[in-house]
Structures are given as structure tokens and as C-alpha cells.
Amino acid sequence: MGCCSSTESKRDWKPLEDRSCTDIPWLIIFALFCIGMLCICGFAIATGAASRLISGYDSYGNTCGKNNSKIEGVPLSGRDMTENKYVFFLDPCNLDFINRKIKSVALCVSKCPGAELTTYSDLKQFALSNGSHLCSYDISPTRYTSSSERYTKCPKLPVPPSKSVPLLHRCVPVDIGCYAEFAQGFITFVSDNSVLRRVITGVMASKEIIMGLCVLALVLSLIMMVVIRYISKVLVWILTVLVIIGSIGGTAVLWWLYVDHRKALNNSTLSVFGKEVASDNVKALLVYSIGATIFTVILLLVMFFMRKRVALTISLFHVAGKVFVHLPLLALQPFWTFLCLMLFWVYWIAVLLALGTSGTAVKNNTTGVVEYKMQGPLQYMVWYHVVGLIWISEFILAFQQMTIAGAVVTYYFTRNKSQLPATPIISSMIRSIRYHLGTVAKGSFIITIVKIPRLILMYIHSQLKGKENACARCMLKACVCCLWCLEKCLTYLNQNAYTATAINSTSFCTSAREAFLILVENALRVAAINTVGDFVLFLGKVLIVSCTAFAGILALNYQKDYTVWVLPLLIVCLFAYLVAHCFLSVFENVVDVLFLCFAVDSKYNDGTPGREFYMDKALMEYIENSKKAGLYKAGDGDGKEMKPMTRGGTSA
């Protein structure tokens, strides 16, 4: 289980020869951890938390819709609520934003009021006609109009009409006017902040344009995937030219718009509000123009220094395009992963909510209401549940990486592509489940133990905002950045470890060590391929974001008299990048797997009889051209002669 073990001697790579289970102890640990997660869910159900969450409970510990047991010290507990299935709040607008709960007294009622009740006589008539008592249990309906306690134990008048939520059985007011106090506070805050008011106005006025631009980003991402799959040879040149034109043209347009808006601001006879909007637009355009100029200069310099690696990138992308032709289901991997994550997150949130209503009934001596709280060791179940959120989420993402790695490795090291499995993705998924779940569990746990401290430090840093100790805040921010960088490095190392496991069927630590050594031995060549490949994919994302932003600038320019651009354009650009990243991340994973396969293949083979390359002809041509140019030597990076790679079976 240790990663530092060096007892195993250096071994040759044996792609697809043997297949055995890896990291079984970690699979057992992960299975036990998942059983613990299920036990937490079972505890919430067994203690009645699930029924209290779904059916709701009143302020005296009675679960609505069932016959309850007596709670010591609470006179109004232990009532039969079989007929009272809905939770009704006496003052639903009495919200506690700090603790995120309703401070009002809650009762179990048989029916939610369907019409507004303005007087205590209305409450009495509603109770007598419908059998639904909206005042405290110790006040009979006949006393609603005469009891001296009606002001504290009856709902606040007027009672707005409400209807029950089908699943959660709560009476929810249907009239937004019920939340007048909250709305008034929010409006007061917005009206006091003129910049925020104009920004919100701009977003609301541009909502149709924002939706249209988000759809445009989705269409551009699909087009980019089609381009990658079918015309990968010209993709690099297309991206290079378009990014150069787009970056220079976009920067020029931003400066032109800045000058145009500044002239319009100086010469126009706008109202006070219009001048404020125009001034905000001028400031935003100046910031965008300066940022675009700096970004364009850096982009052009990087592209200039990397121009000699374009031929290698073309060869690599040509192979990656063929992978997508033979493995079309690769494009669906993000959707399956997203679906699994959504299902798990829904389950996690449901259990978390159930835990919030579990535990022992405790009477609050100040308010007199009953609250359910977990005491003793049980309160740590929430923290266990939080760790489960991170580990299992990372496990699902790691399983996707292992599946992609297994499918691409099978494609690469199968000479006769007609012998590929009918569905390589499904075969790789089954193989990962059968042999390598322990490796996936271990790799995802390593990311988890780095991510949890980073999240804790981020929380501490947020709590220190506004405090005087600036030195502590800076140190925490530095630690957060270091942990973030470490997490990204470990993620890349994990991905290569999964690829090595898919090739050799070795444990995580062995695979990580072998992958690291092979990449170090071929550092210059693999680093160049990796850098250029990721850079080109980054250009693709930049192109999608730039085109979407350019269309947004043109569309929002027609609303310059009353719309602030800052937030709408940022929303559109952020969504465009997320969509582009979702689609291109799979291609990026494929490229990274091909890097390691290419390094292994070129280390152990040189193209001579008996030591033929597995690689595609496009990469062979690049190696031949590199040899002629003196850029490539056999065994590059290790200074040792290549050993023949075992020639066992070539199918998975």
C-alpha cells in the first residue's frame, strides 16, 4: 500500500499482456467507507429523520401525518397527527438568514388555507368548516376570537393563501407579497447601491441576448468537436490563424468601441442615469481593452516561440482524430459522468437534509420549541458525510479517466484495428470495474487528502476577511495557492498512473513511478508534445470564448443607452468557457494518454524488424523527419539502448 516501496525491480512495459486485480486493500477500504456512507443513510431513516424531512414536524416534536410518542417536558408533544399531514408556519416570513431557518412556530394542520384570512373570525370559521386548526393546539377554535393568547399563539394576520408542496408537505404561501419585508430590505439595499442597481438592470434587460449567446457557445463547441474529429490535420493551422486574427481584431474592436463610447459620453445630452451607465461602459471597455491587449501580446509571443512544433502537433491531432473515429462513444463520457455525479449529489443532499432533522429531541428553553440535535460521537457523521462527498466525487471523475485511458491504450497497442472490441469504451469500463477499482479509489483518495485541507484553509481565510491580521490572511492565501498547485500536479500524475495501469495492470504506486520515470526519460520530447497539445486545445477554448464574446459585444452595443456590459458579458464568457472545457476536456485526456503511449512505444521500439512501432503512420513520419533534422534520437532522454517491448497479445 505504500508509495515509496522500491523492492520491485525495474521491469519492462508489457502492454495488454496480463490483467490482474490492482490495489485490492484500497478497494476494501473504499468499500468499507461506502458502507459507512450507507449506514449514515440508514441511521437517518431508522431514527425517523427521513420521515420528519418528508412529512415535516411541528415546533413540539410531533411528526405530521403519524401518531407520535410523548417527549418529556413538552406538554404539547405526543399527539396523534394522522389526519394533520401538512406543516403550517404561523409567521412564514420570519426568516433567520444567519442560521438559514424559519423562526416561526410550526403546527401540523389538516389543510392549508386556500384563501386569505384577514381576521380571527376567519380563522375560527376556517377551523370549524375544514377541521384545520391554525392556532396552537391548546386553544380551541371557539376561543380564537376571545383568547388573550391569540396574538402569540395564532398566525400573524393577514394569513396569505398557501398550498402544500406535494413531496415535502409544507404550506407555502403562493403570494410573493408575503415576503414583503425581505423584498423591501433587498430593494433598499439595491437602491442604496447605484452601481449594483445598474448592473442588475443590465442583466435583466439583456437576458434574451445572454440566453442566445449561451446557445451560440454550445453550437461552437459542437462544431469544434466535429472539426477535431474530421479535419484534424488542418485544425492547428485554422486555430492558429483564427486566434491571431481574432485576438488582434477583438482587441482593435474593443479600443474602437472605447473611443466611440468616450466621444459619445463627452458629446451627448443624456440624463443623469444615462450618463452614469455610459460612464460605467467607458470604464468597463477601458479595462477590457487593456486586458485584451496584454493577453494578445503574450499569446503572440508564445505562438512565435512554439512555431517549430506545429508539425508535431498536426501529427498528434491526426492520431487523436482517428481515435475519435474508432471510439465515437468517447464524446459521450462527460455526459455519463455528469449524470452519475448529479445522481450522487442528489443522494448526498437528501441524506444531509435528513441528518439535519435526526438526533434527539431537545427543548429550547428560550423559545420553548423542540429541535432535533445529534449529540456525542454522532455529530461527527456530518463530517464523515462531507469527506464522502469529495472522495466519491473524485472517484467518479477518476473512473472516467481510467475508462478513457483503457480505451485509448487498447486502440493504440492493437495493431490490427479490426480486432478492436465492438465497443471499446464499454469493454474498458467493464475491465476497470473488474480489475482496477482499487487503483481508482487510491488515486481519488490522494486528491481528497489534498483538497480537504485546501477547503478548510479557504473557509478560515473567508472568516478572516475584514479582520486586522493581514499577515495571517496572506499566509493562508499562500497555503491555499500551494495546495491548489499540488492538487493540479497530483491530478496530472494520477492520470498518467491510470494510463500505466491500463497498459501493464500494475498497482497505483508502481504505475505512478513507472509513468513518472518514462516521462522524465523522454522529458524534452513529451513535454513539447504535451505543451503544444494542451496549448492548441487552449486556443480552441479561447476561440470559442472570443467568438461568443465578440458576438456579445456586437449584440450588447445596441443597448448601450441603458445596459451596463460588465456582468452580462462576464456571464456569457464564463458559460462559453465551461461549455468549451466540457467538450474539449475529453479530447485533452485522449491526447495525454497518447503522450504516454507514444513515449513507451518510442522507448522500446525503433522500427526495425521485430521491434516495430505500434504508433500511427503520422507519428512515424514525424519521427523520421525528426531523425533527418537531428531532433530525435533513439532512447532520447535516458542514454541507454532500447530493450524490446514484450510482443504478447495485442488485443485487450
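These numbers come from a predicted model, not from an experiment.

As for the nonpolar core
Soluble globular proteins: nonpolar side chains tend toward being buried together.
Then comes step 1: If you look at the biggest cluster of nonpolar residues, it comprises 53 residues, and the most contacted ones within it are Leu330, Tyr412, Phe413, Val590 and Leu594.
Then comes step 2: Of all the secondary structure elements, the ones that give two or more residues to this core are α7 (207-230), α10 (310-326), α12 (381-412), α15 (470-504), α16 (508-521), α17 (523-557) and α18 (566-604).
Then comes step 3: Here this core takes 17 residues from α18, the largest share from any one element.
Then comes step 4: Judged by nonpolar contacts, the second largest core, of 31 residues, contains Cys64, Phe89, Cys112 and Leu117.

Remarks on a nonpolar patch on the surface
Then comes step 1: Together, Leu329, Leu332, Phe335, Trp336, Leu339, Leu343, Ile426 and Ile430 make up a nonpolar patch on the protein surface, roughly 780 Å² of accessible area in all.
Then comes step 2: Looking at the nonpolar patch, the elements with two or more residues in it are α11 (333-356) and α13 (424-435).
Then comes step 3: Looking at which element gives the most residues to the nonpolar patch, the answer is α11, with 4 residues.
Then comes step 4: According to the relative accessible area criterion, Leu329 is partly exposed, its value standing at 35%.

With respect to the pattern of salt bridges
Then comes step 1: What the rule picks out here adds up to 2 salt bridges.
Then comes step 2: The residue Lys153 makes a salt bridge to Glu149 at a minimum N-O spacing of 3.5 Å.
Then comes step 3: By relative accessible area, Lys153 is classed as partly exposed at 23%.
Then comes step 4: Each of Asp138, Glu149 and Lys153 takes part in a single network of salt bridges with overlapping partners.

Quick look at the state of the cysteines
Then comes step 1: What the rule picks out here adds up to 3 disulfides.
Then comes step 2: Across the disulfide from Cys64 sits Cys108; the S-S distance is 2.0 Å. Residues Cys64 and Cys108 are joined through a disulfide that is left-handed, its torsion about the S-S bond being -85°. Taken as a pair, Cys64 in the loop between α2 (49-55) and β1 (86-89) and Cys108 in strand β4 (residues 106-109) lie far apart in primary sequence, 44 residues in all.
Then comes step 3: Residue classification places Cys64 among the buried residues on the basis of a relative accessible area of 2%.
Then comes step 4: Cys108 sits in the buried class, given a relative accessible area of 2%.

Some thoughts on the packing of aromatic side chains
Then comes step 1: Overall, the coordinates contain 12 aromatic pairs when judged by the stated rule.
Then comes step 2: Measuring from ring centre to ring centre gives 5.0 Å for Tyr412 and Phe413, while their planes differ by 65°; the resulting arrangement is edge-to-face. Like Phe413, Tyr412 is buried.
Then comes step 3: Here Tyr498 and Phe508 contribute two aromatic rings whose centre-to-centre distance is 6.3 Å and whose plane-to-plane angle is 55°, an arrangement assigned as tilted. Within this pair, whereas Tyr498 is found in helix α15, its partner Phe508 is found in helix α16, the two being separated by 10 residues in sequence.
Then comes step 4: For Tyr498, a relative accessible area of 1% puts it in the buried group.
Then comes step 5: Across from the ring centre of Tyr120, 5.5 Å away, lies the NZ or CZ of Arg150, which sits over that ring.

Points about the environment of His326
Then comes step 1: Looking at where His326 falls in the secondary structure, it is placed in helix α10.
Then comes step 2: Note on His326: relative accessible area 35%, which makes it partly exposed.
Then comes step 3: For the pair His326 and Tyr411, spaced 85 residues apart in sequence, the C-alpha to C-alpha distance is 8.2 Å.
Then comes step 4: Leave out the neighbours within four places in its chain, and His326 touches Tyr411, Lys417 and Leu420.

Considerations on the confidence of the model for the protein
Then comes step 1: Mean pLDDT over the protein stands at 75; residues scoring 70 or higher make up 72%.
Then comes step 2: For the protein, the element scoring lowest by mean pLDDT is helix α5 (residues 180-192), at 42; helix α1 (residues 24-46) scores highest, at 91.
Then comes step 3: Note that residues 633-644 has pLDDT below 50 and, in this model, 22 contacts with residues that lie over four places away or in other chains.

Notes on the side chain of Thr410
Then comes step 1: Relative to the elements of secondary structure, Thr410 occurs in helix α12.
Then comes step 2: Of the polar contacts made by the side chain of Thr410, one reaches the side chain of Arg431; its length is 3.0 Å.

Points about α16
Then comes step 1: For α16, built from 14 residues, the straight-helix expectation of 20 Å at 1.5 Å per residue is met to within 8% by its first-to-last C-alpha distance of 20 Å.
Then comes step 2: Where α16 is concerned, the buried positions are Phe508, Cys509, Thr510, Ser511, Ala512, Glu514, Ala515, Ile518, Leu519 and Glu521.

Brief notes about unusual backbone geometry
Then comes step 1: The omega torsion of the bond from Leu157 to Pro158 falls at -5°, within 30 degrees of zero and hence cis.
Then comes step 2: Structurally, Pro158 is set in the loop between α4 (150-153) and β5 (162-164).
Then comes step 3: The phi torsion at Asp23 lies on the positive side, around 50°, for a residue other than glycine.
Then comes step 4: Along the chain, Asp23 turns up in the segment before α1.
Then comes step 5: Relative accessible area serves as the criterion here: at 11%, Asp23 is assigned to the buried category.
Then comes step 6: Positioned with a positive phi, Ser505 is a non-glycine residue whose angle comes to about 60°.

Cut-off values and rules
- Residues numbered from 1 in each chain as written.
- Predicted model: local features only at pLDDT ≥ 70, side-chain atom pairs only at ≥ 80, totals over all residues.
- Heavy atoms only, no water.
- Core = buried A, V, L, I, M, F, W, Y, C linked by side-chain atoms within 4.5 Å.
- Buried < 20%, exposed > 50% of the residue type's maximum accessible area, 1.4 Å probe, protein only.
- Helix = DSSP H or I, 4+ residues; strand = E, 2+ residues; numbered from the N terminus.
- Patch = residues over 30% accessible without salt bridge, like charges linked within 9 Å, V, L, I, M, F, W, Y side chains within 5 Å.
- Areas by Shrake-Rupley, 256 points an atom, 1.4 Å probe, with all protein chains shown as cover.
- Salt bridge = Lys/Arg side-chain N within 4 Å of Asp/Glu carboxyl O.
- Disulfide = S-S within 2.5 Å.
- Phe/Tyr/Trp six-rings, centres within 6.5 Å; stacked < 30°, edge-to-face > 60°.
- Lys NZ or Arg CZ within 6 Å of the ring centre and 35° of its normal.
- Contact = heavy atoms within 4.5 Å.
- pLDDT = per-residue confidence, 0-100.
- Polar contact = N/O pair within 3.5 Å; in protein donor to acceptor, adjacent residues only side chain to side chain.
- Expected span 1.5 Å × (residues − 1).

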